[in-house]
Amino acid sequence: MRTGAEAEEVQTSGLGGWLSRWEPENAAFWRHTGGKIAWRTLTLTTISLILSFATWFAMSVLVVRLPAIGFRFDTMQLFWLAAMPGLAGGTLRIVHTFLVPIFGTRLVIGVATLLKLIPCIGLGIAVQDPMTPFWMFMVLAFSAGMGGGDFSSFMPSTSMFFPKRLQGTALGVQAGVGNFGVSLSQFVSPWIIGFALFGTLGGGAQVFRKAAVTKDIWLQNATYWYVPLLILIGVLCLGMLRSVPIKASFREQLDIFKNKHTWFCTATYIMTFGSFSGFAAAFPLMIQKIYGNFPNAPDPLKFAFLGPLIGSATRVFFGFVADKTGGAILTQVAGVAMVVVCGVMVFTGVLAPTSLEQFPLFVGCMLALFFFSGIGNASTFRQFPIIFSHSPRQGAQVLGWTGAVAAYGPFAFSLLIGSSMTRTGSATPFFVGAAVFYLLAVGINWWFYTRKGCECPS
């Protein structure tokens, strides 16, 4: 028999659907009321996050096909197009970091889902006309970054819905499954652009010409197919989501920047998610530019989706592992492994190949980077709420802030790799710099969060 307190159902108020009470650490409340709401919220927001990531990385697919259908963009312009969603994603994540405590989960997630219709429709129209100017693609690529910005609302929201004992699992599932949107975009696109998905309603075909291959493709399908899904999920979010009654003004939320651990956590998350997102954006073009001039060169889109797929799956699985082992030790292992992989790529010459026989090792190393960054993505998000356990609100904000800065990964990695290749003819200088940064982040993690007697064991 439930007590009166256990049987009480939470009430909602206002446009944001604010719950009247939320006590996830109360076992009775969680068992009878909180768990249902939290898991429903996780399900809806995770589906929406998949579409966010797919939209965010749509340009990484389009840039590989644009030259073959008549667009005359040079190598650096293509890397700029791949980079712009990252610039927008990081910038908008800074904004999203502060939105949930002001407007609530329901409004923020629902509206953000529907806003992604802008880049999906806009890019679908733009790719159909080879005369579409570069600046227009830059604007649309920037708008695709809205899909990246969402993350810093989704993750803080989820952390507030779940008790500490389940946060590694919940955050790992949401972020990991959400990350599958990157693979979804890069895996489905080569197939879905091969036929008139929406008939005459979706527009005509473009002629794809490369080497001896000439065929019709419908490149607009790569973004158009998200449109009905975004509408459906956006409406469901606005109708079914609720908001945790943890409110704070923008000024109050700025207190996280006075804590040194905010900045240390930012460094370790750049190492992990910054690498995952950065390599996901640049991987297709790297394949094309590094190995594309050999006879029988590989199609980038047949391999590029594997990296995000592995990184996403790893993040899901190791969310559970981090709940059992703690996050700091996994972050340490992941960071050291990433340093080693960068070293292998630099010293084996796969970044400046002399034959196509080096391609399997190149792909293997890149997939290893995705694998270990996926482990680190799971472990760091287990660490952060523990490091800030004195304030669940601050812990949620730090999840948003670190995600915001790391979301510049696609922008920074695409531009730095593109610059390295255009100036030196190789991506080697970039990977040397990446290894040095990884060593710095690993040192921070070991000193403050891992070693015996450290300041914040996590």
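Residues numbered from 1 in each chain as written. Predicted model: local features only at pLDDT ≥ 70, side-chain atom pairs only at ≥ 80, totals over all residues. Heavy atoms only, no water.

*Asks:* Got a minute to help me understand a nonpolar patch on the surface in this structure?
*Replies:* Judged by side-chain polarity, Ile-102, Phe-103, Phe-250 and Leu-254 come together as a nonpolar surface patch covering roughly 340 Å² of accessible area. Mapped onto the fold, Ile-102 is located in helix 5 (residues 100-103). (Patch = residues over 30% accessible without salt bridge, like charges linked within 9 Å, V, L, I, M, F, W, Y side chains within 5 Å. Areas by Shrake-Rupley, 256 points an atom, 1.4 Å probe, with all protein chains shown as cover. Salt bridge = Lys/Arg side-chain N within 4 Å of Asp/Glu carboxyl O. Helix = DSSP H or I, 4+ residues; strand = E, 2+ residues; numbered from the N terminus.)

*Asks:* Even after reading the chapter, I still don't get the packing of helix 20 (residues 409-424) against helix 21 (residues 428-450), so can you show me in this structure?
*Replies:* The relative placement of two packed helices is expressed as an angle between their axes plus a distance between the axes. For the pair helix 20 and helix 21, interaxial distance at closest approach is 7 Å and the crossing angle is 135 degrees. On the basis of their axis angle, the class for helix 20 and helix 21 is oblique. Only Thr-428, Pro-429, Phe-430 and Tyr-438 of helix 21 make contact with helix 20, whose side of the interface consists of Phe-413, Leu-416, Ile-417, Ser-420 and Thr-424. Here the residues of the contact of helix 20 with helix 21 sort into six nonpolar, three polar and no charged. (Axes fitted to C-alpha atoms, helices over the stretch in contact; angles between N-to-C directions. Parallel < 35°, antiparallel > 145°, perpendicular 65-115°, else oblique. Contact = heavy atoms within 4.5 Å. Nonpolar A, V, L, I, M, F, W, Y, C, P; charged D, E, K, R; others polar.)

*Asks:* I would appreciate a short explanation of the side chain of Ser-420 in the present structure.
*Replies:* Relative to the elements of secondary structure, Ser-420 occurs in helix 20. Excluding its chain neighbours within four sequence positions, the residues that come into contact with Ser-420 are Gly-425, Ser-426, Ala-427, Thr-428, Pro-429 and Phe-430.

*Asks:* I tried to follow the packing of helix 18 (residues 359-387) against helix 21 on my own but got confused; where do I start?
*Replies:* For the pair helix 18 and helix 21, interaxial distance at closest approach is 14 Å and the crossing angle is 30 degrees. Between helix 18 and helix 21, the angle falls in the class roughly parallel. Crossing hand, helix 18 versus helix 21: left-handed. Touching Met-366, Leu-369, Gln-383 and Ile-387 of helix 18 are Phe-431, Asn-445 and Tyr-449, all from helix 21. Its residues placed into classes, the contact of helix 18 with helix 21 shows five nonpolar, two polar and no charged. (Left-handed = near helix turned anticlockwise from the far one by under 90°.)

*Asks:* Where do I start with the packing of aromatic side chains in this structure?
*Replies:* A ring pair, where both rings are aromatic, is described by two values, the distance of the centres and the angle of the planes. Inspection of the entire model under this criterion finds 49 aromatic pairs. Taking 5.6 Å as the distance between ring centres and 10 degrees as the angle between the ring planes, the aromatic pair formed by Phe-279 and Phe-431 counts as stacked. Placement of the pair is Phe-279 in helix 15 (residues 260-291) and Phe-431 in helix 21, with a sequence separation of 152 residues. Classification of Phe-431 as buried rests on a relative accessible area of 0%. Lys-215 extends its terminal NZ or CZ atom over the ring of Phe-208, reaching a point 5.4 Å from the ring centre. In this arrangement the basic side chain of Arg-451 is found over the ring face of Trp-447, its NZ or CZ atom lying 3.7 Å from the centre. (Phe/Tyr/Trp six-rings, centres within 6.5 Å; stacked < 30°, edge-to-face > 60°. Buried < 20%, exposed > 50% of the residue type's maximum accessible area, 1.4 Å probe, protein only. Lys NZ or Arg CZ within 6 Å of the ring centre and 35° of its normal.)

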